[in-house]
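Letter by letter, the chains look like this.
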Amino acid sequence: MRLTQYITLTLIFAGILFTGCGVNSNLMFRTKKGFDGYDSIPMSPAYEYRISADDRIELKIYTNNGSKLIDFATGSSSDQSMARSSSTSLEYLVKKDGYVELPVIGDVKLSGLTIFQAQETLKEQYTQQYVDPFVQLKVVNQRVIVFPGSGSEAKVVPLLNANTTLMEALALAGGIAERGRAKHVKVMRQTPSKREVYLIDLSTMDGLYYADMVVQANDYIYVEPVKQVSREVIQEIAPIVSILTSAAVVVTIIVTLK
């Protein structure tokens, strides 16, 4: 019986060595121990969002510098009908080359422009067709990706509010998962030069200040999960232990029969 136990323990140990590399292999964005190369946390985006390929934009055009839009807000029924006839509201796709195909004026390059710059560009383009055009433009597919601490619960959160905070984004994603570490929340933001990484501690009341950080379209919000070494090792080696134990019994029987 001792031989069986010895063989079983030896094979289990070998199984752990072979499966160890798979433990916590789903963890993302790891840093080396003692790493402190995080960027300074901005409470609001330092750069205005710029339109890019595959964005979907909503465009509204009013004549006479938007006077009918003001009339519409007053609630006059006749003004409402006039406002509808003086404006359009449709969605358009920014193509891979950065151009958007729009009614009347055709292709216009908008990629790389801020919302304000795009509105001014379209206002100039539509001046030839409309009297004093007033242009409203909105990117409707802005979103952030949130990993709340469990990979299976990751969510793409639409930014319906231009001033959506980190706390709001986490709440929309369902909050920090049971396995998530509130002390290690990483916000990864694309800037003109690189993707900056901000480390935020939401585990204490001191973190409440940074909970009001305004997120930006295409931010990655990653709540670092707690490592679960013991559980994952058991899950990894359980099938192997079953097979190896059976093999050990067979080996013992063969040795006994000799």
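Residues numbered from 1 in each chain as written. Predicted model: local features only at pLDDT ≥ 70, side-chain atom pairs only at ≥ 80, totals over all residues. Heavy atoms only, no water.

A closer look at the sheet that holds strand 6 (residues 143-147)
Rules: Between any two strands, at least two bridges found by DSSP are needed for them to pair. Helix and strand definitions follow DSSP, with helices as H or I runs of at least four residues and strands as E runs of at least two, each counted in order from the N terminus. For helices, the fitted axis covers only the stretch in contact; all axes are lines through C-alpha atoms, and the angles between them, taken along N-to-C directions, range from 0 to 180 degrees.
The strand order across the open sheet built from five strands is 7-6-10-8-9, with neighbouring strands paired in mixed fashion. Single-partner strands in this sheet number two, and they are strand 7 (155-158) and strand 9 (195-200). For this sheet, the mean angle separating the axes of adjacent strands, direction not counted, is 20°. Pairing of strand 8 (residues 180-190) with strand 10 (residues 220-225) involves five bridges; the strand directions are antiparallel. Bridge pairing links Met188 to Tyr220 in strand 10.

Here we look at the pairing of strand 9
Heads up, the rule is: Buried means the residue's accessible area, taken with a 1.4 Å probe over protein chains only, is under 20% of the maximum for its type, while exposed means over 50%, and partly exposed covers the values in between.
Residues Glu196, Tyr198 and Ile200 line the buried face of strand 9, whereas the alternating positions Arg195, Val197 and Leu199 sit on a face that is not buried. Judged from the six bridges that link them, strand 8 and strand 9 form a sheet pairing that is antiparallel. Across the sheet, residue Val185 finds its bridge partner in strand 9, namely Ile200. Linking two consecutive strands that pair antiparallel, namely strand 8 and strand 9, is a turn of four residues.

Things to note about the environment of Glu91
Looking at where Glu91 falls in the secondary structure, it is placed in strand 2 (residues 89-93). Between the C-alpha atom of Glu91 and that of Leu59, which follows or precedes it by 32 residues, the distance is 6.4 Å.

Section: the nonpolar core
Quick reminder of the rule: Take the buried residues of types Ala, Val, Leu, Ile, Met, Phe, Trp, Tyr and Cys, join any two whose side-chain atoms come within 4.5 Å, and each joined set is a nonpolar core. Contacts are assigned to residue pairs that have any heavy atoms within 4.5 Å of one another.
Counting 38 residues, the largest nonpolar core has Leu102, Leu110, Leu122, Leu166 and Ile221 as the members making the most contacts within it. Apart from residues lying up to four places away in sequence, Leu110 is in contact with Ile51, Ile57, Gly98, Val100, Ala118, Leu122 and Leu137.

Re helix 4 (residues 115-126)
The condition that has to hold: The span one expects for a helix is its residue count, reduced by one, times 1.5 Å. Here the arc refers to the directions that run from the helix axis out to each C-beta atom.
Spanning twelve residues, helix 4 covers 16 Å between terminal C-alpha atoms, matching the ideal 16 Å at 1.5 Å per step. Of all the residues in helix 4, the buried ones are Ala118, Gln119, Leu122 and Tyr126. Down the axis of helix 4, the sector holding all buried residues measures 100°, keeping them to one side. Set apart from the buried face of helix 4 by more than 90 degrees, the exposed residues are Phe116 and Glu124. Of the surrounding secondary structure, the elements contacted by the buried residues of helix 4 are strand 1 (56-62), strand 3 (99-102), strand 4 (106-109) and strand 5 (134-139).

Re unusual backbone geometry
A positive phi angle, near 75°, is found at Val104, a position not held by glycine. Take Val104: it is sitting in the loop between strand 3 and strand 4. By relative accessible area, Val104 is classed as exposed at 59%. At Asp132, a residue that is not glycine, the phi angle is positive and equals roughly 45°. Its place among the elements puts Asp132 in the loop between helix 4 and strand 5.

Concerning the pattern of salt bridges
Basically, it comes down to this: The salt bridge definition used is simple: a Lys or Arg side-chain nitrogen within 4 Å of an Asp or Glu carboxyl oxygen.
Under the criterion given, the structure shown has eight salt bridges. Lys186 is paired through a salt bridge with Glu224; the nearest N and O atoms lie 3.6 Å apart. In this pair, Lys186 is assigned in strand 8 and Glu224 in strand 10, connecting sequence segments 38 residues apart. The closest approach of N and O atoms between Asp219 and Arg189, which form a salt bridge, is 2.8 Å. Highlighted residues: Asp219 in the loop between helix 6 (208-211) and strand 10 and Arg189 in strand 8, separated in sequence by 30 residues. Overall, the relative accessible area of 1% leaves Asp219 in the buried class. Several salt bridges share partner residues, and in doing so they unite Arg181, Lys186 and Glu224 into one network.

So yeah, pure geometry; function would need other evidence.
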